[in-house]
Amino acid sequence: RKEVEQDPGPFNVPEGATVAFNCTYSNSASQSFFWYRQDCRKEPKLLMSVYSSGNEDGRFTAQLNRASQYISLLIRDSKLSDSATYLCVASPGAGGFKTIFGAGTRLFVKA
Amino acid sequence: GAVVSQHPSRVICKSGTSVKIECRSLDFQATTMFWYRQFPKKSLMLMATSNEGSKATYEQGVEKDKFLINHASLTLSTLTVTSAHPEDSSFYICSARFATTGNKVDTQYFGPGTRLTVL
């Protein structure tokens, strides 16, 4: 079993749609979670951290469910510019910092 | 966010040559940097963890004698691909750990990557 698993997609959605990605992690010791965005042939960029209480940044909402060991990303009112690969990340946190990346979920937003 | 630079952005070399890639944290000190490799349409694969002033920790299956890592200062780590071969052609990305204080969690910031093509 992979340490961090994501549905590779692709997700094809029209502009304005709401799309949700889930990600599961196997290491219960993981403490820190993130979503990164990676555009084609570019480096990953931090999209947002994920906290137990959930967090929202504009059209993006991230949530963490420790009991079930999954995190989610919700994108509302999708834009063409949201087309990218979204990487789920789990980390044991400070001190044992070995970040594990999911393989990514590809999103295509179409006009 | 924090800024990480990587140089060169692209390199084409002949088989058997060595290639050095630099990773710099521009506006913060990074005690830990990471080197990843990414093949087309594949996920990021951690190659090694580079700690300033000490030997790098390599992931299983990564040859430490082939991928030499030096982290001589708090802002610079280098990866040297020795005797490169076509199968080493890939996108190499470094990241630097940005260690925050208080309740904020550590995050990684990535360099723009180096696309290596070995002929």
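For the structure, see preceding data.
As a starting point, this report considers the structure included with it.

The rules behind these values
- Residues numbered from 1 in each chain as written.
- Chains lettered and ligands numbered in written order.
- Predicted model: local features only at pLDDT ≥ 70, side-chain atom pairs only at ≥ 80, totals over all residues.
- Heavy atoms only, no water.
- Contact = heavy atoms within 4.5 Å.
- Buried area = accessible area lost by both parts, 1.4 Å probe.
- Salt bridge = Lys/Arg side-chain N within 4 Å of Asp/Glu carboxyl O.
- Polar contact = N/O pair within 3.5 Å; in protein donor to acceptor, adjacent residues only side chain to side chain.
- Helix = DSSP H or I, 4+ residues; strand = E, 2+ residues; numbered from the N terminus.
- Nonpolar A, V, L, I, M, F, W, Y, C, P; charged D, E, K, R; others polar.
- 1 Å grid on protein atoms, 1.4 Å probe; cavity = no way out; pocket = protein on both sides within 12 Å on 5 of 7 lines; lining within 4 Å.
- Points joined across faces, edges and corners; volume = space filled by probe spheres on them.
- Phe/Tyr/Trp six-rings, centres within 6.5 Å; stacked < 30°, edge-to-face > 60°.
- Buried < 20%, exposed > 50% of the residue type's maximum accessible area, 1.4 Å probe, protein only.
- Disulfide = S-S within 2.5 Å.

## Some points on the interface of chain B and chain A
The partner chain A presents 19 residues to the 20 residues of chain B that form the contact. For the chain B and chain A pair, buried surface summed over both sides reaches about 1,600 Å², with 59% attributable to carbon and sulfur atoms. There are zero salt bridges connecting chain B and chain A. Taken together, the links from chain B to chain A amount to two residue pairs in polar contact (both at pLDDT 80 or more). For the side of chain B that touches chain A, the elements supplying multiple residues, two or more each, are β4 (32-38), β9 (90-98) and β10 (107-110) of chain B. With four residues, the top contributor of residues to the side of chain B that touches chain A is β10 of chain B. A class-by-class count of the residues in the side of chain B that touches chain A yields ten nonpolar, five polar and five charged.

## So, the layout of surface pockets
The space that makes up the largest pocket amounts to roughly 610 Å³. Taken together, 22 residues form the lining of the largest pocket, with T85 and R106 of chain A together with P40, K41 and K42 of chain B sitting closest to its centre. Listed by contribution, the elements that provide at least two residues to the lining of the largest pocket are β9 (84-91) and β11 (105-110) of chain A. Grouping the amino acids of the lining of the largest pocket by side-chain chemistry returns ten nonpolar, six polar and six charged. Taken as a whole, the second largest pocket holds about 460 Å³ of empty space. Taken together, 20 residues form the lining of the second largest pocket, with I100 and F101 of chain A together with L44, M45 and L46 of chain B sitting closest to its centre.

## As for the packing of aromatic side chains
Residues and elements named next belong to chain B. Considering all chains together, one arrives at eleven aromatic pairs over all chains under this definition. Where Y36 meets F110, the ring centres are 5.7 Å apart and the plane angle is 45°; that geometry is what we call tilted. You can see Y36 sitting in strand β4 and its partner F110 sitting in strand β10, a full 74 residues away along the chain. Classification of F110 as buried rests on a relative accessible area of 7%.

## Some details on the state of the cysteines
In the structure shown here, the tally under the stated rule is two disulfides over all chains. Shown here is the disulfide that connects C23 of chain A with C88 of chain A, its sulfur atoms set 1.9 Å apart. Disulfide C23 of chain A-C88 of chain A: torsion about the S-S bond near -75°, hence left-handed. Taken together, the residues span a long stretch of sequence, with C23 of chain A in strand β3 (residues 19-25) and C88 of chain A in strand β9 at a distance of 65 residues. Each of the two residues, C23 of chain A as well as C88 of chain A, counts as buried. The partner cysteine of C23 of chain B in its disulfide is C94 of chain B, sulfur to sulfur 2.0 Å. Disulfide C23 of chain B-C94 of chain B: the torsion about the S-S bond is 80°, which places it as right-handed. Note that C23 of chain B is positioned in strand β3 (residues 19-25) and C94 of chain B in strand β9, a separation of 71 residues in sequence. The exposure class assigned to C23 of chain B is buried, which follows from its relative accessible area of 0%. Of the residues examined, C94 of chain B reaches a relative accessible area of 0% and is grouped as buried. Summary of cysteine pairing: C40 of chain A is not part of a disulfide, and the nearest cysteine sulfur, belonging to C94 of chain B, is at 20 Å. Relative accessible area serves as the criterion here: at 65%, C40 of chain A is assigned to the exposed category.

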